[in-house]
Amino acid sequence: MREHKILFTGSMGAGKTTAIASVSEVTPVMTDVANTDMASAKATTTVGFDFGLLSLDNGDRLRLFGTPGQTRFDFLWKILAQNALGIVILVDASRADPVGDLQLYVDGFAEQLRRVPCVVGVGRLGAAGAARLDALAAYLGERGFAIPVVEADVRRRDDVLLLIDTLLAQIEADMLGVQ
Amino acid sequence: MNPSSGPLVDDTLRKLAQEEAAAMARELGDIRAVVIATGDGFEIASSVRGDIEAERIAALASSIAAIGAVVSTEAKLGTSTGIMVMTDRGFAVVHAATHRGMDLVIHVIAGADALLAQVNYRVAAAARALSAA
């Protein structure tokens, strides 16, 4: 059995903790504390990391790590990204500037994104769904990244599994030399 | 991107926290930094030397405290009250505190000449003072 690490990141409230809880086979480790930031209505926020486990059909296991979203915890981003097989960036499309949010994490994980695959999961799309997905994809294209952008409601297990499958498909394609 | 605006901290807490931070830095030997922060990593008060960034120390403190809380839970050891980081040139102590229901963390960074037991004793006293106010 081999174990691999997948990292979930994204802005505060994008659903990192929820995503891991949706698929973890064990009770996730969470480091949520009371949120005192007046800019957010969230009751709690992650200040350390989230951790969950997911077994694959081939017997391998995924260790799922979630980062805090706020930049004041970016020292943890680098630590948690070490040896990650892939990165899931979650974007909350209902926030004021989803492209700006995405940029923060593309910049924050720029070094890793040169080496490991990534998928962007977008939640809370609302009525302007396709246009918002296109804007995020266009931004990534401008940055020279070929990263899939998919809609995902991280409260739904199947949506989170789709994000993970999308990552694993990229990993498999890289291993097969498929471009 | 929505910027953080920080916590609403009452003046009583901020004043007391600043007094405690300054007192700890003054009373204890070889102290590099004292930072008192909210549980989610916003600096409330600090007394730092050199190029230590109080805001980053505040965020570090909350992460360390939260991870300590997880360790306590996973190990069924009750409630975490503090963490120590021992290094070859000193140590850091992170201690939990509360003030009127708000979770706080006290983070002291000390050099090799500081006395661990003395720092722990003084930090615990500061935590009690913040909780009692």
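Described below are features of the structure shown in this document. The structure displayed is predicted, hence computed values, not measured ones.

Describing the overall build of chain A
Okay, so step 1: Counting secondary structure elements, chain A contains 6 helices and 8 strands.
Okay, so step 2: Listing each helix as α and each strand as β along chain A from the N terminus yields β-α-β-β-β-β-α-β-α-α-β-α-β-α.
Okay, so step 3: Relative to the compact-globule value of 16 Å for 179 residues, chain A shows a C-alpha radius of gyration of 15 Å, a close match.
Okay, so step 4: Each of the three principal axes of chain A carries a C-alpha extent, and together these read 45 × 35 × 30 Å.
Okay, so step 5: Among the 179 residues that make up chain A, the fraction classed as buried is 57%.
Okay, so step 6: Within chain A, residue pairs in contact and separated by at least 24 positions form 69% of the contacts whose partners lie at least 6 positions apart.
Okay, so step 7: Accessible surface, chain A: about 8,100 Å² in total, of which carbon and sulfur atoms supply 51%.
Okay, so step 8: Taking the average place of the 17 positive charges on the side chains of chain A and the average place of its 22 negative ones, the gap between the two points comes to 5 Å.

A word on the side chain of His95 of chain B
Residue and element names in this part refer to chain B.
Okay, so step 1: Mapped onto the elements, His95 comes out in strand S4 (residues 90-99).
Okay, so step 2: On the basis of relative accessible area, His95 is assigned to the buried category, the value being 17%.
Okay, so step 3: Other than its neighbours up to four places away in sequence, His95 contacts Thr81, Gly82, Leu104, Val105, Ile106, Val123, Ala124 and Ala127.

Focus: the interface of chain B and chain A
Okay, so step 1: Every contact between the two is made by 23 residues of chain B and, on the other side, 24 residues of chain A.
Okay, so step 2: Summed over both sides, the interface between chain B and chain A buries roughly 1,900 Å², with carbon and sulfur atoms accounting for 59% of that surface.
Okay, so step 3: Inspection of the chain B/chain A interface yields 2 salt bridges.
Okay, so step 4: When the shortest N-O distance is used, the salt bridge between Arg72 of chain A and Asp40 of chain B registers 3.9 Å.
Okay, so step 5: The tally of links from chain B across to chain A stands at 4 residue pairs in polar contact (both at pLDDT 80 or more).
Okay, so step 6: Here the side of chain B that touches chain A takes 9 residues from helix H2 (residues 54-74) of chain B, the largest share from any one element.
Okay, so step 7: Taken together, the residues of the side of chain B that touches chain A break down into 11 nonpolar, 9 polar and 3 charged.

Some remarks on the packing of aromatic side chains
All names here are of chain A.
Okay, so step 1: Applying the stated rule across the entire model yields 5 aromatic pairs over all chains.
Okay, so step 2: Taken together, a centroid distance of 5.5 Å and an interplanar angle of 20 degrees make the contact between Trp77 and Phe109 stacked. With Trp77 in helix H2 (residues 74-81) and Phe109 in the loop between helix H3 (98-108) and helix H4 (110-113), the pair connects residues that are 32 residues apart, well separated along the chain. Grouping residues by exposure puts Trp77 and Phe109 together as buried.

Parameters and conventions
Residues numbered from 1 in each chain as written. Chains lettered and ligands numbered in written order. Predicted model: local features only at pLDDT ≥ 70, side-chain atom pairs only at ≥ 80, totals over all residues. Heavy atoms only, no water. Helix = DSSP H or I, 4+ residues; strand = E, 2+ residues; numbered from the N terminus. Rg over C-alpha atoms; globule rule 2.2 N^0.38 Å. Buried < 20%, exposed > 50% of the residue type's maximum accessible area, 1.4 Å probe, protein only. Contact = heavy atoms within 4.5 Å. Areas by Shrake-Rupley, 256 points an atom, 1.4 Å probe, with all protein chains shown as cover. Lys, Arg positive; Asp, Glu negative; His and termini not counted. Charge placed at Lys NZ, Arg CZ, Asp CG, Glu CD. Buried area = accessible area lost by both parts, 1.4 Å probe. Salt bridge = Lys/Arg side-chain N within 4 Å of Asp/Glu carboxyl O. Polar contact = N/O pair within 3.5 Å; in protein donor to acceptor, adjacent residues only side chain to side chain. Nonpolar A, V, L, I, M, F, W, Y, C, P; charged D, E, K, R; others polar. Phe/Tyr/Trp six-rings, centres within 6.5 Å; stacked < 30°, edge-to-face > 60°.

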